[in-house]
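Listed here are the chains, written in short residue letters.
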There are 2 protein chains.
Amino acid sequence: MATYSTNKRVKKMADLNGFFNPRSVAIVGASKTPGKIGNAIIKNIVNSGFSGKIYPVNPKAEEIEGLPCYPNISAVQDPVDLAVVTIPADRVLDAARECAGQGVKHLVVITAGFKEVGKEGLDLEKKLVAICREHGINMLGPNCVGMMNTHARLNASFSGAYPKQGDIAFISQSGAMLVAILDWSIKTGLGFSKVISLGNKAQLNEADFIEAVAQDPGTRVILCYIEDVADGEHFLQVAARATREKPVIILKSGTSQAGAMAASSHTGALAGSDLAYETAFRQCGVIRAHSMPELFDLAIAFSAQPIPPNANVAVVTNAGGPGIVATDRVETSGLNMARFSKETIDILRKELPAESNIYNPVDVLGDAGADRYHLALDKVLADPSVGSAVVLVCPTAVTDPLPTARAIVDLHHRYPDKPVLAAYMGGPMLSAGAELLSAEGIPCFTFPEPAIEAISGMNRYAELSKNKFAAEEMEIQVDDETVRNVLSAVRQDGRLVLLGSESYQVAAAYGIPAAPVELATSPEEAVELAEKIGYPVVMKVASPKIMHKTDVGGVKINLADADAVRRGYIEINENIQRYLPDVVIHGIEVQKMMPKGVELIVGMSRDVQFGPLIAFGLGGIYVNLLKDVSFRLARGLTRREIETMLTETKAYTLLRGYRGEKPADIGTLVEIIARVARLVTDFNEITEMDINPVFAYPRGASALDIKITIS
Amino acid sequence: MATYSTNKRVKKMADLNGFFNPRSVAIVGASKTPGKIGNAIIKNIVNSGFSGKIYPVNPKAEEIEGLPCYPNISAVQDPVDLAVVTIPADRVLDAARECAGQGVKHLVVITAGFKEVGKEGLDLEKKLVAICREHGINMLGPNCVGMMNTHARLNASFSGAYPKQGDIAFISQSGAMLVAILDWSIKTGLGFSKVISLGNKAQLNEADFIEAVAQDPGTRVILCYIEDVADGEHFLQVAARATREKPVIILKSGTSQAGAMAASSHTGALAGSDLAYETAFRQCGVIRAHSMPELFDLAIAFSAQPIPPNANVAVVTNAGGPGIVATDRVETSGLNMARFSKETIDILRKELPAESNIYNPVDVLGDAGADRYHLALDKVLADPSVGSAVVLVCPTAVTDPLPTARAIVDLHHRYPDKPVLAAYMGGPMLSAGAELLSAEGIPCFTFPEPAIEAISGMNRYAELSKNKFAAEEMEIQVDDETVRNVLSAVRQDGRLVLLGSESYQVAAAYGIPAAPVELATSPEEAVELAEKIGYPVVMKVASPKIMHKTDVGGVKINLADADAVRRGYIEINENIQRYLPDVVIHGIEVQKMMPKGVELIVGMSRDVQFGPLIAFGLGGIYVNLLKDVSFRLARGLTRREIETMLTETKAYTLLRGYRGEKPADIGTLVEIIARVARLVTDFNEITEMDINPVFAYPRGASALDIKITIS
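Residues numbered from 1 in each chain as written. Chains lettered and ligands numbered in written order. Predicted model: local features only at pLDDT ≥ 70, side-chain atom pairs only at ≥ 80, totals over all residues. Heavy atoms only, no water.

The name given to chain A in an unreviewed UniProt entry is Acetyltransferase, with Desulfoscipio geothermicus DSM 3669 as the source organism. Its UniProt record gives chain A the following Sequence similarities (unreviewed entry) comment, quoted word for word: "In the N-terminal section; belongs to the acetate CoA ligase alpha subunit family." (UniProt positions renumbered as here; feature names shortened; annotations may be inferred.)

Engineer: How should the overall build of chain A be read in this particular structure?
Structural biologist: The secondary structure content of chain A amounts to 24 helices and 30 strands. Each of the three principal axes of chain A carries a C-alpha extent, and together these read 95 × 80 × 40 Å. The buried share of chain A, reckoned over its 711 residues, is 59%. By sequence separation, contacts in chain A at least 24 residues apart represent 71% of the contacts at least 6 residues apart. (Helix = DSSP H or I, 4+ residues; strand = E, 2+ residues; numbered from the N terminus. Buried < 20%, exposed > 50% of the residue type's maximum accessible area, 1.4 Å probe, protein only. Contact = heavy atoms within 4.5 Å.)

Engineer: Mind showing me how you'd approach the environment of Glu-518 of chain A here?
Structural biologist: All names here are of chain A. Note on placement: Glu-518 falls in strand E21 (residues 517–520). Take Glu-518: its relative accessible area is 23%, and that puts it in the partly exposed class. In sequence terms Glu-518 and Lys-532 are 14 residues apart; their C-alpha atoms lie 10.0 Å from each other. Ignoring any residue separated from it by four or fewer positions in sequence, one finds Glu-518 in contact with Ser-501, Leu-529, Lys-532, Ile-533, Ile-588, Glu-589 and Val-590. Side chain to side chain, Glu-518 and Lys-532 meet in a polar contact 2.7 Å long. (Polar contact = N/O pair within 3.5 Å; in protein donor to acceptor, adjacent residues only side chain to side chain.)

Engineer: Got a minute to help me understand the sheet that holds strand E24 (residues 587–592) of chain A in this structure?
Structural biologist: Residues and elements named next belong to chain A. If you walk across this open sheet you meet the four strands as E21-E24-E22-E23, and the pairing is antiparallel. Each of the sheet's edge strands pairs with one partner strand only, and the pair in question is E21 and strand E23 (555–559). Neighbour-to-neighbour, the strand axes of this sheet turn through a mean angle of 25 degrees, independent of strand direction. Bridging between strand E22 (residues 537–542) and E24 involves six bridges; their strand directions are antiparallel. (Pairing = 2+ DSSP bridges. Axes fitted to C-alpha atoms, helices over the stretch in contact; angles between N-to-C directions.)

Engineer: Would you explain the packing of aromatic side chains in this entry?
Structural biologist: Each aromatic ring pair is characterised by the separation of its centres together with the angle its planes make. According to the stated counting rule, one finds 32 aromatic pairs over all chains in the structure shown. A centroid spacing of 6.4 Å and a plane angle of 70 degrees characterise the contact between Phe-235 of chain B and Phe-610 of chain B, whose relative ring orientation is edge-to-face. Of this pair, Phe-235 of chain B sits in helix H7 (residues 232–245) while Phe-610 of chain B sits in the loop between strand E25 (598–607) and strand E26 (611–618); the two residues are 375 residues apart in sequence, bridging distant segments of the chain. Neither residue differs from the other here; Phe-235 of chain B and Phe-610 of chain B are each classed as buried. The interplanar angle of 70 degrees and the centroid separation of 6.4 Å between the aromatic rings of Phe-695 of chain B and Tyr-697 of chain B together place this pair among those described as edge-to-face. On the basis of relative accessible area, Phe-695 of chain B is assigned to the buried category, the value being 8%. Put simply, the rings of Phe-170, Trp-184, Phe-192 and Phe-296 of chain A together with Phe-447 of chain B touch in pairs and so form one group of aromatic residues. For Arg-578 of chain A, the ring lying beneath its charged end belongs to Tyr-579 of chain A, and the centroid distance is 5.6 Å. (Phe/Tyr/Trp six-rings, centres within 6.5 Å; stacked < 30°, edge-to-face > 60°. Lys NZ or Arg CZ within 6 Å of the ring centre and 35° of its normal.)

Engineer: Explanation requested: the interface of chain A and chain B in the structure shown.
Structural biologist: A common way to express how large an interface is: the accessible area buried when the components associate. Contacts between chain A and chain B engage 70 residues on the former and 70 residues on the latter. If you sort the residues of chain A by the area they bury against chain B, Ile-324, Phe-447 and Leu-625 of chain A come out on top, with a joint share of 12%. Here chain A is connected to chain B by zero salt bridges. Between chain A and chain B we count 16 residue pairs in polar contact (both at pLDDT 80 or more) in total. Elements with a contribution of two residues or more to the side of chain A that touches chain B: helix H5 (175–188), strand E13 (248–252), helix H8 (257–267), helix H10 (292–304), helix H11 (320–332), helix H16 (448–469), helix H21 (623–626) and helix H23 (651–655) of chain A. (Buried area = accessible area lost by both parts, 1.4 Å probe. Salt bridge = Lys/Arg side-chain N within 4 Å of Asp/Glu carboxyl O.)

Engineer: Got a minute to help me understand the side chain of Asn-155 of chain B in this structure?
Structural biologist: All names here are of chain B. Secondary-structure assignment places Asn-155 in strand E9 (residues 154–157). For Asn-155, a relative accessible area of 1% corresponds to the buried category. A polar contact is formed between the side chain of Asn-155 and the side chain of Ser-157, at a distance of 2.6 Å. Apart from residues no more than four positions distant in its own chain, Asn-155 is found in contact with Ile-41, Asn-44, Ile-45, Ser-48, Met-147, Met-148 and Tyr-162.

Engineer: How should I be thinking about the relation of the copies chain A and chain B in this particular structure?
Structural biologist: What connects the two chain copies is a rotation about an axis and a shift along it. Least-squares fitting of chain A to chain B yields an RMSD of 0.1 Å, with the transformation described by 0.0 Å of translation along the axis and a rotation of 180 degrees. Taken together, the rotation and translation describe the operation of a two-fold axis. Closest to the rotation axis within chain A is the C-alpha of Leu-626 of chain A, separated from it by 4.0 Å. (Least-squares fit on C-alpha atoms with pLDDT ≥ 70 in both.)

Engineer: So what exactly am I meant to see when it comes to the confidence of the model for chain A here?
Structural biologist: A low pLDDT means the predicted coordinates there should not be read in detail. Residues and elements named next belong to chain A. Averaged over all residues, the pLDDT of chain A equals 91, while 95% of them reach at least 70. This model gives residues 1–9 a pLDDT under 50, and the stretch forms 31 contacts once residues within four places in sequence are excluded. Low pLDDT, under 50, characterises residues 264–272; the stretch is placed with 18 contacts to residues that sit more than four places away or in other chains. (pLDDT = per-residue confidence, 0-100.)

Engineer: Just to check I follow, could you spell out the nonpolar core for this structure?
Structural biologist: Side chains of a nonpolar character, in soluble globular proteins, are inclined to be buried together. Phe-296 of chain A together with Phe-296 of chain B are the most contacted members of the largest nonpolar core, which totals 106 residues. With residues up to four places along the chain from it excluded, the contact list for Phe-296 of chain A reads Phe-170, Ile-181, Trp-184, Leu-190 and Leu-223 of chain A together with Phe-447 of chain B. Of all hydrophobic cores here, the second largest spans 102 residues; its members include Ile-614, Leu-646, Leu-654 and Ile-673 of chain B. (Core = buried A, V, L, I, M, F, W, Y, C linked by side-chain atoms within 4.5 Å.)

Engineer: Teacher, can you tell me more about H11 of chain A here?
Structural biologist: At 3.6 residues per turn, the α-helix brings residues three or four places apart onto the same side. Residue and element names in this part refer to chain A. With 13 residues, H11 extends 19 Å between its outermost C-alpha atoms, agreeing within 8% with the 18 Å of an ideal straight helix rising 1.5 Å per residue. The buried fraction of H11 amounts to eleven of the 13 residues, a majority that puts the element mostly inside the structure. For H11, the complete set of buried residues consists of Gly-320, Gly-321, Pro-322, Gly-323, Ile-324, Val-325, Ala-326, Thr-327, Asp-328, Arg-329 and Val-330. Count one or two residues on from H11 and you reach Gly-334, which has phi positive near 75 degrees. (Expected span 1.5 Å × (residues − 1).)

Engineer: Hey, could you run me through the sheet that holds strand E12 (residues 221–226) of chain A in this one?
Structural biologist: Residues and elements named next belong to chain A. Taken together, the seven strands give an open sheet; going across it, the order is E9-E8-E11-E10-E12-E13-E14, and neighbouring strands pair in mixed fashion. This sheet does not close on itself; its edge strands, each paired only once, are strand E9 (154–157) and strand E14 (287–289). Looking at each pair of strands side by side, their axes are set apart by 25 degrees on average, direction ignored. Direction of pairing for strand E10 (residues 164–172) relative to E12: parallel, over a ladder of five bridges. Pairing of Ile-171 across the sheet is with Cys-224, part of E12.

Engineer: Looking at this structure, I do not really get the pattern of salt bridges. What am I missing?
Structural biologist: If the charged atoms of two oppositely charged side chains come close together, the side chains can form a pair. Residues and elements named next belong to chain A. Under the counting rule described, the total for this entry stands at 66 salt bridges over all chains. The salt bridge involving Asp-367 is made with Arg-372; its shortest N-O contact spans 2.8 Å. Residue classification places Asp-367 among the partly exposed positions, given a relative accessible area of 47%. Arg-372 gets classed as buried once you look at its relative accessible area, which sits at 18%. Across the pair Arg-491 and Glu-685 runs a salt bridge, and its minimum N-O distance is 3.3 Å. Separated by 194 residues along the polypeptide, Arg-491 in helix H17 (residues 480–492) and Glu-685 in the loop between helix H24 (666–682) and strand E28 (686–696) bring together distant segments of the chain. Take Arg-491: its relative accessible area is 37%, and that puts it in the partly exposed class. Members of the salt-bridge network, linked through shared partners, are Arg-282, Arg-632, Glu-641 and Glu-648.

Engineer: I tried to follow the side chain of Thr-243 of chain A on my own but got confused; where do I start?
Structural biologist: Residues and elements named next belong to chain A. Considering the arrangement of structural elements, one finds Thr-243 in helix H7 (residues 232–245). Judged by relative accessible area, which is 1%, Thr-243 ranks as buried. There is a polar contact of 2.7 Å between the side chain of Thr-243 and the backbone oxygen of Cys-284.

Engineer: Got a minute to help me understand the packing of helix H13 (residues 370–382) of chain A against helix H14 (residues 401–414) of chain A in this structure?
Structural biologist: For any two helices packed against each other, the geometry is given by the interaxial angle and the distance between the axes. All names here are of chain A. Between H13 and H14, the shortest axis-to-axis distance is 8 Å and the interhelical angle comes to 20 degrees. Relative to H14, the element H13 lies roughly parallel. Of the two elements, H13 crosses H14, and the hand of that crossing is right-handed. Counting all contacts with H13, which are made through Ala-370, Tyr-373, His-374, Leu-377, Asp-378 and Leu-381, the residues of H14 involved are Pro-403, Thr-404, Ala-407, Ile-408, Asp-410, Leu-411 and Arg-414. A per-class count over the contact of H13 with H14 returns eight nonpolar, two polar and three charged. (Parallel < 35°, antiparallel > 145°, perpendicular 65-115°, else oblique. Left-handed = near helix turned anticlockwise from the far one by under 90°. Nonpolar A, V, L, I, M, F, W, Y, C, P; charged D, E, K, R; others polar.)

Engineer: For this particular structure, what's the right way to read the pairing of strand E1 (residues 24–28) of chain B?
Structural biologist: For a regular strand, side chains alternate in direction, first toward one face of the sheet and then toward the other. Residue and element names in this part refer to chain B. Taken across its five residues, E1 has five buried, putting it largely inside the fold. Every second residue of E1 is oriented toward a common face, with Ser-24, Ala-26 and Val-28 on one face and Val-25 and Ile-27 on the other, all of them buried. Here E1 pairs with strand E2 (residues 53–57) via five bridges, running parallel. Within E2, the position partnered with Ile-27 by the bridge is Pro-56. Direction of pairing for E1 relative to strand E5 (residues 82–85): parallel, over a ladder of four bridges. Directly across from Val-25, in E5, lies its bridge partner Leu-82.

Engineer: I tried to follow the domain arrangement of chain A on my own but got confused; where do I start?
Structural biologist: You can read the domains of chain A as domain 1 (17–144), domain 2 (159–304), domain 3 (307–469), domain 4 (480–592) and domain 5 (598–710). In this structure, domain 1 of chain A and domain 5 of chain A have C-alpha centres spaced 52 Å apart. (Domains from an automatic or database assignment.)

Set out below in structure tokens:
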């Protein structure tokens with residue numbers, strides 16, 4: 001008997017304090033020549049205002065950027081916390097060893113020419129990692145742009161753009177995209193805390209940095225662009241913990257077939273299937289952005305505004321059209337239009353002009369000045385049913401964009417627990433107001449939809465967090481010994497696919513309710529087994545080689561007595577000999593004939609990154625046609641997640657009792673899914689598993705056809 | 001016998017030449033007082049540089065804006081082509097009559113206080129329309145911002161913003177949104193040809209203006225924001241013709257339940273169901289934008305670039321990450337990543353650095369200058385398989401954003417038939433290049449996704465156009481006389497729901513293959529009918545009151561001889577008397593028992609705006625659960641549309657032969673759908689119709705259970 005536990009640590013947390021806050025930095029490969037990366041880096045470190053010691057290392061220079069230059073890192077007498085390496089690839093290993101000798105604990109390897117150029121580069125990279133491991137060095141890169149910590153005024157990168165200080169940590173697997181975003185942020189005023197270019201992720205990867213910045217008080221939001229994760233299990237653990245601290249928003253590319261191909265040719269990374277990523281992100285509370293604009297809209301919202309207490313949005317507008325557009329988007333984004341309390345409606349009716357719409361969206365009319373906006377926004381934010389507000393402003397002859405912006409800022413401060421976002425719809429007529437809002441931390445968009453989408457993302461975070469906090473792992477008693485024995489017998493028999501009787505034993509050992517199946521090798525044995533199991537029974541030819549058993553007369557159903565079983569055995573045998581004379585059969589399986597229930601499927605496939613993925617949905621022969629299936633990672637699956645998983649399918653409508661049928665036993669189905677998850681987590685050698693159908697009944701359920709494949 | 005025709009005109013085309021290009025404009029209610037609408041309008045007309053005559057009308061002024069003022073419109077001696085009315089609502093009718101007396105043919109009524117304020121306003125509005133109709137006046141409004149024709153340098157509106165001249169016509173049901181967009185366009189440089197604020201759409205509506213600008217050589221793209229259409233049939237006809245001339249892009253709001261409520265409280269318009277709009281837009285070739293950003297991204301792309309000859313996109317980038325992001329979006333937007341010809345690949349391999357990715361996306365590497373971009377883009381645009389190109393530029397140390405922009409512009413001119421769009425990802429480092437691109441008509445975005453989405457919209461237009469041009473209406477022979485007789489008999493019987501035998505007659509008269517049903521009122525008659533129809537038969541109690549006939553013992557299947565039929569009749573009768581003693585039954589229906597086929601549904605519901613909407617999909621008792629249904633408007637439905645309709649369902653996978661089954665007879669299904677569409681178009685009194693199931697066979701098909709409800 002074993003107990004279900006997934007929280008074993010797979011990787012120790014890297015101590016990156018000295019990495020982000022070094023007292024001294026050496027630049028191995030610093031250069032005097034403008035245009036060279038080694039020159040850009042030293043200039044960036046000096047110009048960012050770093051207050052620690054800076055040691056340029058270059059045997060060919062005496063001083064660089066006014067600093068004395070060292071011929072090699074060993075020549076630096078004082079301790080070096082961080083070394084940035086930007087010499088050619090063939091000399092990086094020596095430099096790493098030298099750094100190790102000098103006691104350097106943190107390395108940023110900018111140099112390219114490793115894994116991304118092929119086999120030789122990969123070998124070099126492996127050697128580099130080995131050196132770092134041996135000496136307890138944390139290494140970022142190789143093939144990266146570098147890193148920044150704006151709070152330490154440190155720009156240890158060759159990026160041409162350096163952002164303003166802020167509370168967004170940005171971790172990017174694409175260096176070019178990182179520089180692009182930083183340059184763009186200068187235009188938009190977005191502020192960053194830490195910026196990390198992951199490069200080849202040879203040692204430190206996205207999970208290490210998510211873990212580090214999750215504990216960084218200077219970081220409020222974690223933003224990632226990734227093309228893959230380096231280690232699925234480590235990522236899941238780290239991300240699940242990080243999302244309890246602060247929002248983690250990830251744009252994961254390579255989602256399409258062609259995108260994944262482009263991704264692998266780019267970084268040589270093996271992209272996991274997108275479904276597994278989607279599931280993994282949801283299960284550990286990560287907000288997934290689906291485009292670059294969405295990633296940054298979310299970043300802006302999360303960094304400046306509180307998490308909404310509920311999904312109900314109030315919209316205040318000075319024009320009807322944009323109010324309708326906003327309302328549409330609220331409803332398609334998993335949010336609700338708030339229904340105001342009677343008090344709110346009464347006071348709005350009293351205080352606003354008669355022609356105003358006092359229901360949601362509140363239309364304060366085209367002649368509204370700042371006062372009227374202030375009044376309406378104040379009242380709706382005060383309403384306990386309202387979780388967030390969006391203010392829409394169109395230019396009219398009397399629009400007062402700047403005072404209205406001040407009114408919004410004021411109310412943001414009065415209601416600090418409810419997010420307020422704005423859409424200032426226009427150009428020059430509204431720009432002063434829009435700029436004030438952005439400067440004061442009110443995300444301000446040109447159109448209503450991105451504002452609503454941003455609230456939707458924040459609400460998703462709130463919901464995911466709620467789910468996670470409510471989660472408890474399930475205690476399950478199992479008999480893993482029996483399963484081990486069955487699998488080893490199958491292997492000894494030279495097979496990879498279990499017979500029905502073997503699958504039944506496995507299921508039974510893990511407490512999965514299944515219709516008993518036993519293997520008979522003679523008509524008499526079949527009768528004996530049928531008597532034991534109880535009539536009526538089903539008989540099926542036992543051979544993993546035969547796919548469509550019915551078509552070759554290999555199945556008999558509803559056999560009600562010994563005579564029928566005996567005859568059934570003989571007829572099946574004859575049919576197989578006639579249709580498939582060359583196929584060796586293991587015998588004939590006798591299974592309890594079960595009454596028909598709601599036909600479901602519970603299955604499992606394995607993802608290279610995230611391990612077993614459990615599927616649940618409508619079963620039967622149309623599974624692949626109807627595709628009514630929802631997925632979860634088996635690892636750490638909680639009762640709550642399984643319940644949610646069920647509700648995501650159309651099958652759930654059947655289970656609740658469709659067209660007057662009795663509701664099915666949901667509890668038993670949850671139990672089955674949990675036990676399948678446990679089974680495939682305990683036994684890595686189970687590569688595929690399908691139970692189709694599972695019949696669900698008003699009381700209980702029964703697994704009828706179980707297929708298990710092992711490696 | 002009748003012939004299928006839907007192209008009857010419902011409304012004559014309005015001659016709006018004098019409206020858009022008046023030789024003279026009168027402003028009834030012109031004012032000297034700054035801040036008043038009457039002042040804003042006269043100033044706008046004067047300041048926009050209008051070269052025609054301008055007549056301010058106001059009894060209290062002698063001159064306004066340096067122009068002599070008239071006490072009333074009758075005092076103007078010269079002919080007036082267009083009058084803009086902005087006096088209080090209670091005096092608008094008089095003004096309209098006066099205008100009519102003066103021979104004015106075009107009216108813009110700015111004044112509010114009509115339909116939007118309730119019953120009284122609606123009455124006033126109706127009278128206003130009556131006056132206009134009587135005198136052949138075209139009237140825009142009331143309750144609108146006005147209109148602009150930048151090519152005639154005419155700003156007959158009170159908008160505070162006036163856009164630059166361009167080739168986008170913008171028609172908006174929201175005045176505030178229109179002003180917002182014009183103000184925003186000043187920032188972005190978007191140019192407009194004609195701008196129309198629809199207001200209450202009392203007379204002229206979106207369809208009239210779409211029709212007008214479709215023929216305007218100064219307009220290349222038609223953009224609409226609407227909350228409803230005024231007249232579904234008119235809209236369909238106009239839009240279908242307009243989209244043959246140029247793209248029509250519509251943002252239709254009020255799509256959600258709450259949005260529609262907001263819409264009706266706003267304009268008092270009855271919003272049609274969103275499904276009907278979605279279907280109508282697609283069937284007449286309208287591109288639907290789903291957000292304001294998308295509406296304008298599409299406008300920019302359509303106005304500056306050609307329609308792509310195919311769906312294959314080439315991506316040229318100087319960084320891997322953005323290339324993957326673009327690739328992902330290509331695949332989720334209904335586009336394909338182009339596969340280059342061998343020639344293209346060979347030349348790219350020869351000319352680009354060895355580390356470049358020469359497949360799609362083409363990665364010209366971070367050190368690419370304008371030359372390398374030019375080379376790569378030239379080669380991919382020359383490839384016949386490529387339909388469009390997206391150029392991604394990230395800032396790097398060597399990025400040359402301005403020369404690269406020039407290279408892109410040059411190639412746009414060399415390949416005028418393939419759209420080229422760009423994403424300049426960054427801020428200050430790239431802004432000069434981005435500005436040049438926008439100025440030269442290359443849509444330039446900050447992120448890759450909007451560029452791809454814009455191409456996707458253009459490609460949708462190309463596909464919709466292709467479908468439309470290939471469309472031919474179907475010639476169908478029907479017997480409408482019989483249907484008329486059946487329906488009138490049902491009505492005389494005081495019923496609204498047809499019996500099975502009546503529905504069968506209707507279906508048969510329209511050539512819909514159905515399993516014969518006849519009504520028996522005695523056991524003997526039942527036997528007689530069964531003998532005629534042929535055994536085996538099904539018997540069902542005939543009563544529209546009984547919903548679940550099986551549950552009350554009202555159905556017997558597979559009756560193979562006279563004796564079984566006789567017994568069946570008596571038993572059904574007894575069952576009904578036992579279970580539902582109070583229900584009066586019409587008799588018992590005898591129907592041919594058909595072999596089981598693929599179970600489908602063909603149905604119809606009526607939309608208030610667009611008329612009958614035909615549904616097709618998986619049939620059976622799980623129709624509402626599986627929701628595997630596609631829709632088309634019955635009006636003008638073509639064979640090609642029906643075929644596409646079938647392919648949109650999962651049922652289609654079954655029809656093509658699933659898991660080794662024989663394919664079903666698609667031709668017969670197309671015929672059934674066409675005939676149902678014809679039936680419900682011919683007979684408006686059929687309010688609902690459901691055939692569930694239709695059994696599809698390898699040869700032929702059969703309608704089994706037909707429910708028809710009339711009004």
